[in-house]
Amino acid sequence: MEPVFRALEITAKAVVKAVGSPISFEGLENIPADGGAVIAINHTSYVDFLPAGLAVHHRGRRIRFLIKAEMQQVKVVDFLIRHTKTIPVNRAAGGDAYAVALQRLREGEVVGVYPEATISRSFELKEFKTGAARMAMEAQVPIVPLIVWGAHRIWTKDHPRNLGRKKIPITVAAGVPLAPRGDVEQLEARLHDEMTGLLHRVQEEYPHPPGAFWVPHRLGGGAPTLAEAKVREEAERAARARSRAEQEP
């Protein structure tokens with residue numbers, strides 16, 4: 001039954017209703033009704049886990065997300081992690097989390113992964129980490145490409161939160177599952193191609209006013225290009241490294 005997870009599902013539906021954001025779901029039949037599966041999700045927002053989780057919920061499943069271990073420092077979040085089979089990832093030593101994710105997949109669970117690892121400032125797909133493909137290959141389960149679009153208008157990097165009853169539409173689209181064939185690099189490349197095509201279709205069908213910060217540069221929006229976003233990320237990483245060095249004795 002998982003009472004904590006059930007309470008989260010009820011709360012998530014209530015939150016969506018309260019903010020008035022219509023969520024359109026496409027291709028949910030591509031999410032397996034049973035058995036293990038990796039759900040590979042694009043990452044543009046701090047809240048895109050919610051529509052992604054609801055998509056899986058509509059298939060009668062529950063998604064087990066991988067989440068930054070630092071979130072365990074927040075007591076409420078740590079409670080939820082421990083009671084929802086969420087998988088904390090220590091970025092300095094991710095082997096334990098990987099082993100737990102494999103176990104969940106072999107037990108027939110659905111595991112949610114962000115292959116980009118961090119939010120894309122360009123709102124296009126960045127380079128992928130190999131974790132999603134490696135999990136699928138080792139557990140011999142399919143990968144389902146999942147695109148969430150619109151949630152970044154609510155809360156994303158470098159921009160103020162746009163909370164409240166704003167009725168911002170969100171699209172969630174699931175692509176055809178990819179069988180764990182070939183090697184990890186080939187599967188990762190297939191996944192990136194499939195997610196790119198799905199993302200571009202969803203973006204192009206979604207109203208995108210010229211110049212809006214949340215519209216990709218490719219569509220005439222104000223978002224940085226992939227190359228520009230990469231420069232910002234590298235500067236951000238360098239600043240964090242300097243800050244850590246200054247704090248060391």
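The name an unreviewed UniProt entry assigns to the protein is 1-acyl-sn-glycerol-3-phosphate acyltransferase, from the organism Mycobacterium branderi.

With mixed pairing, seven strands are arranged side by side in an open sheet as E1-E7-E6-E2-E5-E3-E4. Each edge of the open sheet is held by one strand with a lone partner, namely strand E1 (23-26) and strand E4 (87-89). Pairs of neighbouring strands in the sheet enclose a mean axial angle of 25°, with direction left out of account. As judged from the four bridges shared by strand E6 (residues 143-149) and strand E7 (residues 170-174), these two strands associate in the antiparallel manner. Bridge pairing in E7 links Leu 146 to Ala 174. Running at roughly 155° to E4, helix H4 (residues 95-106) makes contact with strand E2 (37-41), strand E3 (63-68), E4 and strand E5 (110-113) of the sheet.

The next point concerns helix H5 (residues 131-139). Structural remark: α-helix, 3.6 residues per turn; residues separated by three or four positions point the same way. Where burial is concerned, most of H5 is hidden: seven out of the nine residues are buried. Considered for burial, the residues of H5 that qualify are Gly 131, Ala 132, Ala 133, Met 135, Ala 136, Met 137 and Ala 139. Next to the buried residues of H5 lie E2, E3, H4, E5, E6 and helix H6 (184-205). Gln 140 occupies a position one or two residues after H5 and carries a positive phi of about 55°.

Cut-offs applied
Residues numbered from 1 in each chain as written. Predicted model: local features only at pLDDT ≥ 70, side-chain atom pairs only at ≥ 80, totals over all residues. Heavy atoms only, no water. Pairing = 2+ DSSP bridges. Helix = DSSP H or I, 4+ residues; strand = E, 2+ residues; numbered from the N terminus. Axes fitted to C-alpha atoms, helices over the stretch in contact; angles between N-to-C directions. Contact = heavy atoms within 4.5 Å. Buried < 20%, exposed > 50% of the residue type's maximum accessible area, 1.4 Å probe, protein only.

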